[in-house]
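Architecture and fold: a report
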Amino acid sequence: MLQRHSRAALAAAAATGALVLTGLSGTANAGTAPGAAAATGAAQSRAAAPTAAETLHTADTSAAVLRAMQRDLGIDRRQAQRRLANEAAAGATAGRLRAALGGDFAGAWVHGADSGTLTVATTDPAEAAAIRARGAEPVVVPHSLAALDTAKARLDRAAAHRNTTDTPVWYVDVRTNRLVVEAVRPAAARSLLAAAGVDASLAKVVKSAVRPRPLYDLRGGDAYYINGNTRCSIGFPITRGTQQGFATAGHCGRAGYPTTGANQVSQGTFQASVFPGNDMAWVAANSSWTATPYVSQNGQNLQVTGSTVATVGASVCRSGSTTGWHCGTVQQLDTSVTYQEGTVSGVTRTSVCAEPGDSGGSFLSGSQAQGVTSGGSGDCTSGGTTFFQPINPILSAYGLTLKTTTDGPGPGDPGPGNPGGTWAAGTVYQAGDTVTYGGVTYRCLQGHQAQPGWEPPNVPALWQRS
């Protein structure tokens, strides 16, 4: 059951809901609901607050990404635009409901051609009405997300001491409310679950012949090269103080390995790399190269405006030097996958295809950076599954700052010039983190790297006043 203060928060949220009419409106304001009077200064301030779509700059999504979404998701341009706006609104709403439901929260996901429906799972039937009041569809399930995450963590620990080549992928699937283990041999999955001490009611074994592999190769082409031969794709340009460079996949190279650009000009050096375990690395560029806030594909510069984490079911597109732009959806977060070299945890599983040479390349949802291509199965002719290493843990681990086009204040009240508090631009925040700003406490709704213009009072899609 919700605590009394949580129910009050849900009731207040429903009164000022951003989700109206069809549920996930990309144009609904995050402030006063249609027809409600904004009689006080506080209400007027809420009415002036930017929508989630405005905060995440969904309108700035490039024509190339929209075309790729239409091709790969089977939708038209207007549906693609609505989808991005709806997904932005859904992420904010799911974050608020997660905070309000507490330990009863069991996950959230979007669905429909334009992601017009947000479903939120709970273990308490009494919370269904409050979820519905926020414009989301409730579903009552037996297991909380915390319980499933705990089970997966136990599986991760057990896998560290076992050969998991016959159980290459496992993840929490919020839509089925199960810890899913994909196995070449189901008996191997059952053995792994038993070794981890995971209750059988929490898990589901799915037989699969797929064996994912990292997506690098040793052939010539575009992008960048490691040690003069192996080819990978740049992820996202970054800075570290005055040093410029880019984030990429750890399996592409080790610390100290030199890189050259697609033009065969000396480019930089790997500074740090982790693989397996994670699949993250960054390259420091030399003075001949400048980090820009763009992902480039086929001669076009596509804007990167932030790194807000996309919801399960949300659209996501990948750019790589072998296959260009391809799109799909986020299937599961926090997935573990076993490659020949070992197990990688904390990656995101997607329905996007990829091929060798695409490794390290950019995953975007709209204009929000999601991560760098790790590995997968299948190809872009028959289709496949691809995993990406989320970008925010890379930024946090190495103290990097994502290059974006959104310098300076965003829409809404710029707030006091030096309000004080613990919030800081450049910090990577996860959902549930709390900060102070201007003497007020805020809770993070969606994971992201903070940037100027995204101060907590300016972006209700990312922060909720406690």
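Figured I'd write up the structure that's included with this text.

**Focus: the pairing of strand 1 (residues 105-111)**
- Judged by how many residues are buried, strand 1 sits mostly within the fold: 6 of 7 residues are covered.
- Alignment of strand 1 against strand 2 (residues 117-122), held across 5 bridges, turns out to be antiparallel. When the bridges of strand 2 are listed, His111 appears paired with Thr117.
- Hairpin geometry of strand 1 and strand 2 is characterised by an intervening segment of 5 residues between the two adjacent antiparallel strands and by a positive phi of about 100° at Gly112.

**Regarding the nonpolar core**
- Core analysis: the largest hydrophobic core is formed by 35 residues, its most contacted members being Leu118, Val120, Leu155, Leu179, Leu193 and Val198.
- Sorting the residues of this core by element identifies helix 5 (77-101), strand 1, strand 2, helix 7 (145-159), strand 4 (169-173), strand 5 (178-183) and helix 8 (186-196) as the ones contributing at least two each.
- By size, the runner-up hydrophobic cluster in this structure holds 31 residues, among which are Val65, Leu66, Ala247 and Met280.

**A word on the environment of Thr381**
- Looking at the secondary structure, you find Thr381 in the loop between strand 21 (368-379) and strand 22 (383-390).
- In this structure Thr381 comes out as exposed when scored by relative accessible area, which is 75%.
- In sequence terms Thr381 and Cys353 are 28 residues apart; their C-alpha atoms lie 8.5 Å from each other.

**What to know about the packing of helix 7 against helix 8**
- Viewed as axis vectors pointing N to C, helix 7 and helix 8 meet at an angle of 105°, and their least axial separation amounts to 8 Å. Between helix 7 and helix 8, the angle falls in the class roughly perpendicular. In this structure, helix 7 contributes Arg154, Leu155, Ala158 and Ala159 to the contact, and helix 8 contributes Leu192, Leu193, Ala195 and Ala196.
- Here the contact of helix 7 with helix 8 is built from residues that sort into 7 nonpolar, no polar and 1 charged.

**Thoughts on the state of the cysteines**
- Here the structure, examined in full by the defined rule, presents 3 disulfides.
- Sulfur-sulfur distance for the disulfide between Cys232 and Cys252 comes to 2.0 Å. With the S-S bond torsion at -95°, the cross-link from Cys232 to Cys252 turns out left-handed. Note that Cys232 is positioned in strand 9 (residues 230-232) and Cys252 in the loop between strand 11 (243-248) and strand 12 (258-260), a separation of 20 residues in sequence.
- For Cys232, a relative accessible area of 0% gives the class buried.
- Residue classification places Cys252 among the buried residues on the basis of a relative accessible area of 5%.
- In this model, Cys353 is linked to Cys380 through a disulfide, with the two sulfur atoms separated by 2.0 Å. Since a negative S-S torsion denotes a left-handed disulfide, the Cys353-Cys380 link at about 100° is right-handed. Taken together, the positions of Cys353 in the loop between strand 19 (342-350) and strand 20 (362-365) and Cys380 in the loop between strand 21 and strand 22 put the pair 27 residues apart, joining distant regions of the chain.
- On the basis of relative accessibility, which here comes to 9%, the residue Cys353 falls in the buried class.
- Classification of Cys380 by relative accessible area gives partly exposed; the value is 22%.
- Numbered by order of appearance in the sequence, the disulfide-linked cysteines of the protein pair as 1-2, 3-4, 5-6.

Calculation rules
Residues numbered from 1 in each chain as written. Predicted model: local features only at pLDDT ≥ 70, side-chain atom pairs only at ≥ 80, totals over all residues. Heavy atoms only, no water. Buried < 20%, exposed > 50% of the residue type's maximum accessible area, 1.4 Å probe, protein only. Helix = DSSP H or I, 4+ residues; strand = E, 2+ residues; numbered from the N terminus. Pairing = 2+ DSSP bridges. Core = buried A, V, L, I, M, F, W, Y, C linked by side-chain atoms within 4.5 Å. Axes fitted to C-alpha atoms, helices over the stretch in contact; angles between N-to-C directions. Parallel < 35°, antiparallel > 145°, perpendicular 65-115°, else oblique. Contact = heavy atoms within 4.5 Å. Nonpolar A, V, L, I, M, F, W, Y, C, P; charged D, E, K, R; others polar. Disulfide = S-S within 2.5 Å.

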